[in-house]
Amino acid sequence: MPEVKEYTTPHKPTWCPGCGNFGMWEALKRALSQLDLDFNEFSVVWGIGCHGNGADFLRTQGFHALHGRSLPVASALSLTRPDLKVIVEMGDGDGYGLGMGHFIHSVRRNIDMTCIAHNNQIYGLTTGQASPTTEHLMRTVSTPGGVLEEPVNPLGLALAQGATFVARGFAGDIPHLTELYKQAIGHEGFALIDVFQPCVTWNKLNTFSWFRERVYNLEDEGHDPSDRRAAFELSLTTFHEMTCTPDECRVPIGVFYRDDEVPTYNEDATGAGDPGYHKATKPRDISDLIAAFG
Amino acid sequence: MAPRDPEAVEVRIKIGGPAGFGIKAAGQTLARLFSRAGYETFDLTEYPSLIKGGHNNYHLRISSEEIFSHVEPVDILVALDRDTVALHLDELTEGAAIIYDPNDFDIGEVAGVPDTACAVPVPLKEIVYEAGGIPIMRNVAALGAVLGHIGFPLDYLTRSIEQQFAHKAPEIAEQNVACASAGYEHARDHECAFPYDMQPRDRDGERILVDGNEAAGLAALAAGMGLYCAYPMTPASSLLHFFAKHAEKHDIVVKHTEDEIAAMNMVVGGAFGGTRSMCATSGGGFSLMVEAFGLAGVSESAVVVGLFTRPGPATGMPTWTEQSDLRFAIHASQGEFPRVVLAPGDREDAFHLTWQAFNLADVLQTPVIILGDTYLSDNRQSIPPFDTSRVEIDRGEIITEGEVEGYARYRVTDSGVSPRAIPGVKGAEQIVNSYEHDEHGYGAQGEDAGVRIAQNEKRMRKMDLARTLVPPPAYYGPDDADLSVLLFGSTKMPVREAAKWLEREDISINIMQVVTVWPFPAEEVSEFLGRARRTAIIEGNFTGQLQSLVREHCLTDVDHTLHRHDGRPFSPEQVRGFIKEVLG
């Protein structure tokens, strides 16, 4: 079993001190180590954003994709490389803004992969603009009068589209997040973990202390993760007043919903049972096919 | 009008009517029948972007001799509605037959029908009714009438019908045969005789009937493609259908994606995993793919992209043809990176360039575009079966288990190609990156000036290697000619046809087809133009994109140009007229 520290590269993280990405990085390394995944047995695909800079810090055989486009790259990898565990790391602007179309379609396909969303409710790398998950009416450099839209509800959208594993984590609770990652990676199908990871530089509202006062563990309150309706109700806690007190807006973390019986896209798709590179070792015999055009 | 080959038996048939009448399927049945009867065929389908109504037509050229393209004239017009007659009157040859249903319209009331035309009334609907068939069987009755008019043995059609419907209830084939026979008898029973003697003939060798997309699809399968991703867009959609149909037997992943952005990003992901991956689209879809196309360049991903042009910009003319994406293909994406653009001129090219595209992509670890157009994508020609013994697979420099000591994904090498380990190989840690990156793929050092220069120069060196690997231009015609014509893509077909006609008029032309349009073969083009008596470029766009490449890379120009941008392919008649005009 590789040790946790072996999942690092020689590159020192460049995230801001206190950034929520540190907790997510640590939790993923622990999960990979505890699942005994060697460096050639999984592949991580990142989008662009502060989270994406993590591509330099995690030891893997991975792909640092375009902004918003990590899911299609990872989908193809999952469908053509059944021998690899595929993990996507995406941001909230990246995955729920530019990549929203891919997100919805990846969910409804139930492609076998783990999708970790670094949700800091702000654009970090481009210096503080509103993201799709920024709270309604919050002021940012791109919305000096406050955000006029309701935030995107990623868990609700995923549930509505038939997601088979939906969870929320908090970067401030690494042991809990590690367990969520392990469950998600072990799930066959599309597993979404939306992780609140405070941006200490640009988001002065949703801070670590803001979350610490509000998060609670679903398991502690007896939530049944096979109850899809209850999960959907919970997902509506995404929407609340910006000024809400800890009592008024509690933030559930844990597994909202899980169904392990749904077949994955990979199981039913043609050609997805065998690594794709096996198919190009010698020319395919197409003589029958050519004859059919006679 | 096109001159008839005095040695050849040649007949041109057009079937026209509203969309939804199964016109293309009927036409292809006829093409298959004549191909099996020893003739060469070339079809041209014209259709608007709608499902019902409008005007569709299918033109079939049938010849006893080798042919290279469609032609304009029509010897037999099957008019499934009145509009068809009016729209195609000026294409009718002297003595041409018009097969129509007298219950649909009175041909005497259609203005401009020449006196020499032979009206062949066939009560198509009544025939279908009497046979107990369904309305679409009108086509079959009409095909029977075509053979009846020619005096061609009907059993070629009835056998084809029996084969086509062998897997359905027997009465379906019986009804179709009844329609065909009745149509045949009606057409025998009229006063004007068919002017040509056309009977089944012996021909050396077998033929297949394929369009450009089918040719490319067959080659991609032969090349071991494992992933195809696309969003439907005319004229590339039929390639998606082709792969989807054969996915199970040939064990490939075929994905109709949410959009072209996903399609292109998916094939990059597939290539990352070591799978031969392809997508195809037209200009609008490629516009959406462009960012990820650049990703393939900087990440050094071996992807093959079909870009089949239709008239643009934006939605343009969806079902028509043009050659206006040459510069787009060469320049698409921000930044600079090596790419190869191959432009097939016919079905044979489409097959052989497509399997070669996969090898070039793998060896160079960079994207390769197959630049086609609707004219090639949509239309079938009878050709000898593809020589699959030529297909080779070269996956380039691959590092396998046990060879990973000191592995760096983007190792700076003399050739520019960094031997790669496919993910999964133990010890081959790597980041394949959209950011500029160091030798291992990490972005952290990518912004260092020295690293940037080393990686950028490494990638661009692959262009020098590409020049030694890509298919050279193709030449047709004598070394010394009255006119030397430079062209790319499907324009090859009508120009070769025109060259054949002109030869009979003692006018010689030679042709250089720029097969690899990028890297541009400046040396060969310069040499070709330099030794020509007079020069011309024929290309299907407004601005002269091939001409501009000649000016830019060869520092020379041509004497004459011919452009077309009305959505129609060049016809050999038009090319012949142009050449005769410029040669005075």
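Basis of the calculations
Residues numbered from 1 in each chain as written. Chains lettered and ligands numbered in written order. Predicted model: local features only at pLDDT ≥ 70, side-chain atom pairs only at ≥ 80, totals over all residues. Heavy atoms only, no water. Helix = DSSP H or I, 4+ residues; strand = E, 2+ residues; numbered from the N terminus. Rg over C-alpha atoms; globule rule 2.2 N^0.38 Å. Buried < 20%, exposed > 50% of the residue type's maximum accessible area, 1.4 Å probe, protein only. Contact = heavy atoms within 4.5 Å. Areas by Shrake-Rupley, 256 points an atom, 1.4 Å probe, with all protein chains shown as cover. Lys, Arg positive; Asp, Glu negative; His and termini not counted. Charge placed at Lys NZ, Arg CZ, Asp CG, Glu CD. Axes fitted to C-alpha atoms, helices over the stretch in contact; angles between N-to-C directions. Parallel < 35°, antiparallel > 145°, perpendicular 65-115°, else oblique. Left-handed = near helix turned anticlockwise from the far one by under 90°. Phe/Tyr/Trp six-rings, centres within 6.5 Å; stacked < 30°, edge-to-face > 60°. Buried area = accessible area lost by both parts, 1.4 Å probe. Salt bridge = Lys/Arg side-chain N within 4 Å of Asp/Glu carboxyl O. Nonpolar A, V, L, I, M, F, W, Y, C, P; charged D, E, K, R; others polar. Pairing = 2+ DSSP bridges. Disulfide = S-S within 2.5 Å. Expected span 1.5 Å × (residues − 1). Core = buried A, V, L, I, M, F, W, Y, C linked by side-chain atoms within 4.5 Å. Domains from an automatic or database assignment. Polar contact = N/O pair within 3.5 Å; in protein donor to acceptor, adjacent residues only side chain to side chain.

Structural notes on the overall build of chain A
Assigned secondary structure in chain A consists of 10 helices and 8 strands. Against the compact-globule benchmark of 19 Å for 294 residues, chain A has a radius of gyration of 20 Å, which places it among compact chains. When the backbone C-alpha atoms are referred to their principal axes, chain A occupies close to 70 × 45 × 40 Å. Per-residue burial for chain A yields a buried fraction of 60% across its 294 residues. If you take every contact in chain A between residues at least 6 apart in sequence, the share linking residues at least 24 apart comes to 73%. By element, 52% of the accessible surface of chain A is carried by carbon and sulfur atoms, the whole surface being about 11200 Å². Taken as two groups, the 23 positive and 37 negative side-chain charges of chain A have centres that lie 5 Å from each other.

Things to note about the packing of helix α9 (residues 260-272) of chain B against helix α10 (residues 283-298) of chain B
Residue and element names in this part refer to chain B. At a closest axis distance of 7 Å, the pairing of α9 and α10 adopts a crossing angle of 25°. Looking at the two axes, α9 sits roughly parallel to α10. In this structure, α9 meets α10 at a crossing whose hand is right-handed. For the pair formed by α9 and α10, the contact residues are Glu260, Ile261, Ala263, Met264, Asn265 and Val268 on the first element and Gly285, Leu288, Met289, Ala292, Phe293, Leu295 and Ala296 on the second.

Structural notes on the packing of aromatic side chains
Residue and element names in this part refer to chain B. The full count for this structure, using the stated rule, is 25 aromatic pairs over all chains. For the pair Phe34 and Phe152, a centre-to-centre distance of 4.9 Å together with 55° between the ring planes defines the contact as tilted. Of the two residues, Phe34 sits in helix α1 (residues 23-36) while Phe152 sits in the loop between α4 (138-150) and α5 (155-164), which places them 118 residues apart along the sequence. A relative accessible area of 0% places Phe34 in the buried class.

Points about the interface of chain A and chain B
If you look at the interface, chain A gives 53 residues, while chain B gives 74 residues. Together, the buried faces of chain A and chain B total about 5100 Å²; carbon and sulfur atoms form 61% of this surface. It is Gln61(A), Arg284(A) and Phe293(A) that lose the most area in chain A upon contact with chain B, and together they represent 15% of the buried surface on that side. Run the count over chain A and chain B and you get 5 salt bridges. Arg109(A) is paired through a salt bridge with Glu258(B); the nearest N and O atoms lie 2.6 Å apart. Those elements giving two or more residues to the side of chain A that touches chain B turn out to be β1 (42-46), β2 (61-64), α2 (70-80), α4 (100-109) and α10 (287-291) of chain A. Of the residues forming the side of chain A that touches chain B, the biggest block, 7 residues, is contributed by α2(A). Grouping the constituent residues of the side of chain A that touches chain B by class yields 23 nonpolar, 18 polar and 12 charged. Looking at chain direction, β2(A) and strand β17 (residues 430-433) of chain B are connected through 4 bridges and run parallel. Of the residues in β17(B), the one forming a bridge with Gly62(A) is Ile431(B).

Describing the state of the cysteines
All names here are of chain A. Under the counting rule described, the total for this entry stands at 1 disulfide over all chains. Across the disulfide, Cys244 is cross-linked to Cys249 (sulfur-sulfur distance 1.7 Å). On the sign convention where negative is left-handed, the bridge of Cys244 and Cys249, at about 65° about the S-S bond, is right-handed. Comparing Cys244 with Cys249, the two get one shared label, buried.

Concerning helix α15 (residues 492-504) of chain B
With 13 residues, α15(B) extends 19 Å between its outermost C-alpha atoms, agreeing within 8% with the 18 Å of an ideal straight helix rising 1.5 Å per residue. Turning to α15(B), its buried residues are Lys492(B), Met493(B), Pro494(B), Val495(B), Glu497(B), Ala498(B), Ala499(B), Lys500(B), Trp501(B) and Leu502(B).

Concerning the sheet that holds strand β13 (residues 368-373) of chain B
Residues and elements named next belong to chain B. In spatial order, the strands read β9-β8-β10-β11-β13-β12-β21; together these 7 strands make up an open sheet with mixed pairing. Two strands lie at the open edges of the sheet, namely β9 (253-256) and β21 (516-518), each paired on one side alone. Strand-to-strand, the axes of this sheet are offset by a mean angle of 20°, without reference to chain direction.

Notes on the nonpolar core
Of all hydrophobic cores here, the largest spans 88 residues; its most connected members are Phe103(A), Met264(B) and Phe520(B). Dropping the residues within four chain positions of it, Phe520(B) is found in contact with Val514(B), Val525(B), Leu546(B), Leu549(B), Val550(B), His553(B) and Cys554(B).

Some remarks on the pattern of salt bridges
Residue and element names in this part refer to chain B. Tallied over the full model, the rule gives 43 salt bridges over all chains. Measuring nitrogen to oxygen at the nearest pair gives 3.1 Å for the salt bridge that ties Asp480 to Arg533. Taken together, the positions of Asp480 in the loop between β18 (474-476) and β19 (483-487) and Arg533 in the loop between α16 (522-530) and β22 (535-539) put the pair 53 residues apart, joining distant regions of the chain. Linked through salt bridges whose partners overlap, the residues forming this network are Glu10, Arg12, Arg61, Asp75, Glu497 and Lys500.

Focus on the domain arrangement of chain B
Residue and element names in this part refer to chain B. When cut into domains, chain B gives domain 1 (10-188), domain 2 (209-390), domain 3 (397-470) and domain 4 (474-582). For domain 2 versus domain 3, the separation of C-alpha centres amounts to 25 Å. Across the boundary between the two partners, domain 2 contributes 21 residues, which contact 26 residues of domain 3. Summed over the shared surface of domain 2 and domain 3, the result is 3 salt bridges. Here Arg420 makes a salt bridge to Asp362, at a shortest N to O gap of 3.0 Å. Linking domain 2 with domain 3 are 10 residue pairs in polar contact (both at pLDDT 80 or more). When residues of the side of domain 2 that touches domain 3 are assigned to their parent elements, the largest contribution, 4 residues, is made by helix α12 (residues 347-364). Residues that form the side of domain 2 that touches domain 3 fall into these classes: 11 nonpolar, 6 polar and 4 charged.

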